[in-house]
Amino acid sequence: MTTMTKNKGAEALPLNTILEGDCIEVMNSLPEGSIDLIFADPPYNLQLRSDLHRPDNSKVDAVDDAWDQFSSFAAYDAFTQDWLKAARRLLKPNGAIWVIGSYHNIFRVGAALQNAGFWILNDVVWRKSNPMPNFRGKRFTNAHETMIWASKEEGAKYTFNYEALKSLNEGVQMRSDWVLPICTGHERLKDDNGEKAHPTQKPESLLHRVLVGSTNPGDVVLDPFFGTGTTGAVAKMLGRDFIGIEREEAYRKVAQKRIDNTRRFDREALTVTASKRAAPRVPFGQLVERGMLRPGEELFSPRGKIAKVRADGTLVGDDVKGSIHQVGAAFEGAPSCNGWTYWHFRRDGKTIPIDLLRQQIRSEMEA
């Protein structure tokens with residue numbers, strides 16, 4: 001289903017649509033500064049000179065399509081520069097781009113990104129847990145691909161859902177090496193003849209991590225090399241809008257069928273863990289104003305020291321006066337203190353952190 005939206009008075013943006021044509025021409029026809037994130041899986045320019053065979057002499061179904069063939073490195077570089085220029089024009093000031101590639105092309109693409117004015121934030125190694133073997137036995141098994149994540153320019157703001165990625169990783173900071181399987185089994189799409197629909201189909205797990213980490217629900221994600229639509233399917237599931245560009249009719253057909261059969265998650269399921277810095281600010285004095293804590297009420301430190309709440313939202317104890325943070329730091333002889341986790345109050349014989357009251361106010365503000 002196609003959704004049309006206006007971009008600050010500009011021409012309509014064809015959301016949730018697979019557009020036919022050359023990616024550069026189509027990108028140049030879209031409104032400038034209209035895209036939040038671009039995920040690009042450009043041709044790898046594998047430079048295959050002959051067929052690949054297994055030890056039993058059976059032919060390997062390698063990437064030998066016309067779209068991956070360029071006459072020279074210079075021709076590939078010119079193509080890369082042109083599509084990156086078109087992509088950068090489309091990004092919002094706080095937009096970003098991900099580009100994935102192999103050793104055949106990613107270094108050339110990385111240089112072109114920098115030359116085009118993008119600012120590289122990370123390179124992420126996708127380590128394949130089930131890579132195809134090196135059948136000739138003359139090189140290492142190609143067990144990874146590299147993704148480059150870049151903002152539109154140096155100093156630009158960009159979306160990074162740090163806490164959400166940390167939650168995905170069982171509470172541990174997400175690293176730049178991702179161990180995920182390649183498409184196999186039910187996820188591998190087939191054409192009408194039962195053959196692989198696309199030789200380099202990306203797994204949904206990879207796009208899930210990219211989109212959860214660097215977009216928000218409602219963002220517009222563009223994939224200029226749409227293929228069989230992994231980006232569009234995952235974007236739809238996660239409540240993002242997408243625009244796909246694909247010149248090959250066979251891929252568009254498979255992608256559209258796939259997306260039509262994809263269900264969007266419900267709104268509650270799309271909420272991810274936010275950064276604490278992004279949470280609404282609640283002054284301690286608001287707890288006093290709302291009667292959650294009363295002037296003269298006692299607060300207790302972890303070591304049993306006592307301070308009293310004052311009407312203006314400050315504390316006093318042991319001849320020390322100031323904010324919850326200042327008095328806590330003075331009690332501990334420390335340069336700083338997080339008063340929200342340091343101080344506790346008592347209700348019905350129970351000792352409760354004051355941060356619980358702050359969370360209550362925040363939940364009301366976000367409702």
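Predicted model, so just to flag it, every value in this text is computed and none were measured.

A. Representation of unusual backbone geometry. In this structure, Asp319 is a non-glycine residue whose phi angle is positive, near 65°. Residue placement: Asp319 occurs in the loop between β13 (315-317) and β14 (320-322). Exposure remark for Asp319: the relative accessible area of 80% places this residue in the exposed category. Positive phi, close to 55°, is recorded for Asp348, a residue that is not glycine. Note on placement: Asp348 falls in the loop between β15 (344-347) and β16 (350-353).

B. Fine view of the sheet that holds strand β8 (residues 177-180). Reading across from one edge, β3-β10-β9-β4-β5-β7-β6-β8 is the order of the eight strands in this open sheet, with mixed pairing throughout. Every other strand in the sheet has two partners, leaving β3 (17-20) and β8 as the edge strands with one partner each. Taken over all neighbouring pairs, the strand axes of this sheet differ in orientation by 20° on average, direction set aside. As judged from the six bridges shared by strand β5 (residues 91-101) and strand β7 (residues 144-151), these two strands associate in the antiparallel manner. Across the sheet, Ala96 pairs through a bridge with Ser151, a residue of β7. Helix α3 (residues 106-115) rests against β5, β6 (119-128) and β7 of the sheet, and its axis sits at about 165° to β5.

C. Spotlight on helix α6 (residues 230-237). Burial of α6 is extensive: seven of the eight residues sit out of reach of the surface. Turning to α6, its buried residues number three or more, namely Thr230, Thr231, Gly232, Ala233, Val234, Ala235 and Met237. Gly239 sits one or two positions beyond α6 and adopts a positive phi of about 75°.

D. How the structure looks around the pattern of salt bridges. Following the criterion strictly, the structure yields 12 salt bridges and no others. Residue Glu20 pairs with Arg252 through a salt bridge whose shortest N-O separation is 3.6 Å. Residue Glu20 is located in strand β3, and its partner Arg252 is located in helix α7 (residues 249-260); the two are separated by 232 residues in the primary sequence. Here Arg252 falls in the buried class, since its relative accessible area comes to 15%. Across the pair Arg358 and Asp355 runs a salt bridge, and its minimum N-O distance is 2.7 Å. Here Asp355 and Arg358 lie together in helix α12 (residues 355-366), a separation of three residues that amounts to about one turn.

Reading the values: the criteria
- Residues numbered from 1 in each chain as written.
- Predicted model: local features only at pLDDT ≥ 70, side-chain atom pairs only at ≥ 80, totals over all residues.
- Heavy atoms only, no water.
- Helix = DSSP H or I, 4+ residues; strand = E, 2+ residues; numbered from the N terminus.
- Buried < 20%, exposed > 50% of the residue type's maximum accessible area, 1.4 Å probe, protein only.
- Pairing = 2+ DSSP bridges.
- Axes fitted to C-alpha atoms, helices over the stretch in contact; angles between N-to-C directions.
- Contact = heavy atoms within 4.5 Å.
- Salt bridge = Lys/Arg side-chain N within 4 Å of Asp/Glu carboxyl O.

These values are about where atoms sit, not about what they do.
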